[in-house]
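# Coordinate analysis (summary)
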Amino acid sequence: MSAIEINNIVKKFGQITAVDGISFNVEKGEIFGFLGPNGAGKTTTINILCTLLSPTNGKASVNGFDVVRERRQVQRSIGLVFQDPTLDDYLTADQNMRFHAYAYGVPKDLREKRITELMEMVELVERRKSRVSTYSGGMKRRLEIARGLLHHPQILFLDEPTLGLDPQTRRYIWDYITTLRKQEILTIFMTTHYMDEAEYCDRIAVIDRGKIVALDTPSKLKDTVGGDVVTIQADNQERALKELKEKFDLAPIVQNGLVSFSVPHSDVFLPDFIKSFGVSLHSISVRRPTLDDVFLKLTGRAIREQEAGGWDMMRRMMGAMHR
């Protein structure tokens, strides 16, 4: 049995379809990533799986429990780190952990040992008596992850776990997450719009406008791009695009004023290309494909182009709920 099973889940807010008939399984012990821009349906899906929302149609189970009919069993078997902070800043880290232990019924004889164990694991044991208001953003995130693990969940849900943190702190948080996965024997389901963060996942589902457009390992997804990514800056962009399509049978994409295309074995392709290309080139570069390229190929847009519109989508959804 899979840790998570989703079958044709749909979620509508009024006339807006936030999640549009998605299906997939998450295997026990894997880090499964949900990659997409804000407003794509990531948080809505995670809220359904954590029983915070009910689906409009379809079925989903977590740890073998139906998310609608067996909500309490689902809640007992999962840990959840929300996108927005949920710690009580006026309490100490220790008090935040104890409150969670009471809420989840962690036995008294295990409570203190478990709290100390997790605080040591995220390297906060020396600050456990400090108010959370004195913590940095990265420290708060580590405390939230420790709190989510307090009741020994089988699955940890991370909704944009490093949102708003600087790159160095994000890497630091991921060091903890990967260590925790091994020590706690966890299944981790995470949402993100950071491409580098998605590289930590065993498998990734790419979601766009409520639909899953691809699902595979990071390496296999990048293989679908078709080889190395060549980026050129040409003297005449229109002529360059026409020649790439007609003469070289390529499918170029324009982004930020540059033209990109994918070719297998660029080291073989480029010498003849440079000699025979009929448009003057200002620059040319080659790199291996990234998950940015995967998203661009699948949707025709860069994921960052969607960020500004994501919050507008969420506001429209919330407005639809109250009409």
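Everything quoted here is computed from the prediction, not taken from an experiment. (Residues numbered from 1 in each chain as written. Predicted model: local features only at pLDDT ≥ 70, side-chain atom pairs only at ≥ 80, totals over all residues. Heavy atoms only, no water.)

A separate point is the sheet that holds strand S8 (residues 187-192). Read from one edge to the other, the open sheet built from 6 strands follows the order S6-S7-S8-S3-S9-S10, with strand pairing classed as mixed. Two strands in the sheet have a free side with no partner beyond their single neighbour: strand S6 (78-81) and strand S10 (211-216). Neighbouring strand axes in the sheet, compared pairwise and without regard to direction, differ in orientation by 15° on average. (Pairing = 2+ DSSP bridges. Helix = DSSP H or I, 4+ residues; strand = E, 2+ residues; numbered from the N terminus. Axes fitted to C-alpha atoms, helices over the stretch in contact; angles between N-to-C directions.)

For S8, the tally of buried residues reaches 6 of 6 residues, placing the bulk of the element in the interior. Neither face of S8 is open: one carries Thr 187, Phe 189 and Thr 191, the other Ile 188, Met 190 and Thr 192, and all of them are buried. Direction of pairing for strand S3 (residues 31-35) relative to S8: parallel, over a ladder of 5 bridges. In the strand pairing of S8, Leu 35 is matched with Thr 192. The pairing of strand S7 (residues 155-159) with S8 spans 5 bridges and is classified as parallel. Bridge pairing links Phe 157 to Phe 189 in S8. For the segment spanning S7, helix H6 (residues 167-184) and S8, crossover handedness is right-handed. (Buried < 20%, exposed > 50% of the residue type's maximum accessible area, 1.4 Å probe, protein only. Right-handed = clockwise from strand over helix to strand, strands pointing away.)

Moving on, we come to the state of the cysteines. Overall, the coordinates contain 0 disulfides when judged by the stated rule. Residue Cys 201 stays outside any disulfide, its sulfur separated by 16 Å from that of Cys 50, the closest cysteine. Overall, Cys 201 belongs to the buried group, its relative accessible area being 5%. (Disulfide = S-S within 2.5 Å.)

Summarising the model, the protein chain shows a mean pLDDT of 86, and 93% of its residues fall at 70 or more. Counted against residues more than four places away or in other chains, residues 305-323, with its pLDDT under 50, gives 21 contacts. (pLDDT = per-residue confidence, 0-100. Contact = heavy atoms within 4.5 Å.)

Further remarks concern helix H4 (residues 108-121). Its 14 residues place the ends of H4 20 Å apart at the C-alpha level, agreeing with the 20 Å of an ideal helix rising 1.5 Å per residue. Taken together, the buried positions of H4 are occupied by Arg 111, Arg 114, Ile 115, Leu 118, Met 119 and Met 121. For H4, the angular spread of the buried residues around the axis is 150°, confining them to a single face. Away from its buried face by more than 90 degrees, H4 exposes Asp 109 and Lys 113. One or two steps after H4, the chain reaches Glu 123, where phi turns positive at roughly 55°. (Expected span 1.5 Å × (residues − 1). Arc of directions from axis to C-beta.)

Evaluated as defined, the whole model comprises 19 salt bridges. Residue Lys 211 is joined to Asp 20 by a salt bridge in which the shortest nitrogen-to-oxygen separation is 3.1 Å. Note that Lys 211 is positioned in strand S10 and Asp 20 in strand S2 (residues 16-26), a separation of 191 residues in sequence. Lys 211 sits in the partly exposed class, given a relative accessible area of 42%. (Salt bridge = Lys/Arg side-chain N within 4 Å of Asp/Glu carboxyl O.)

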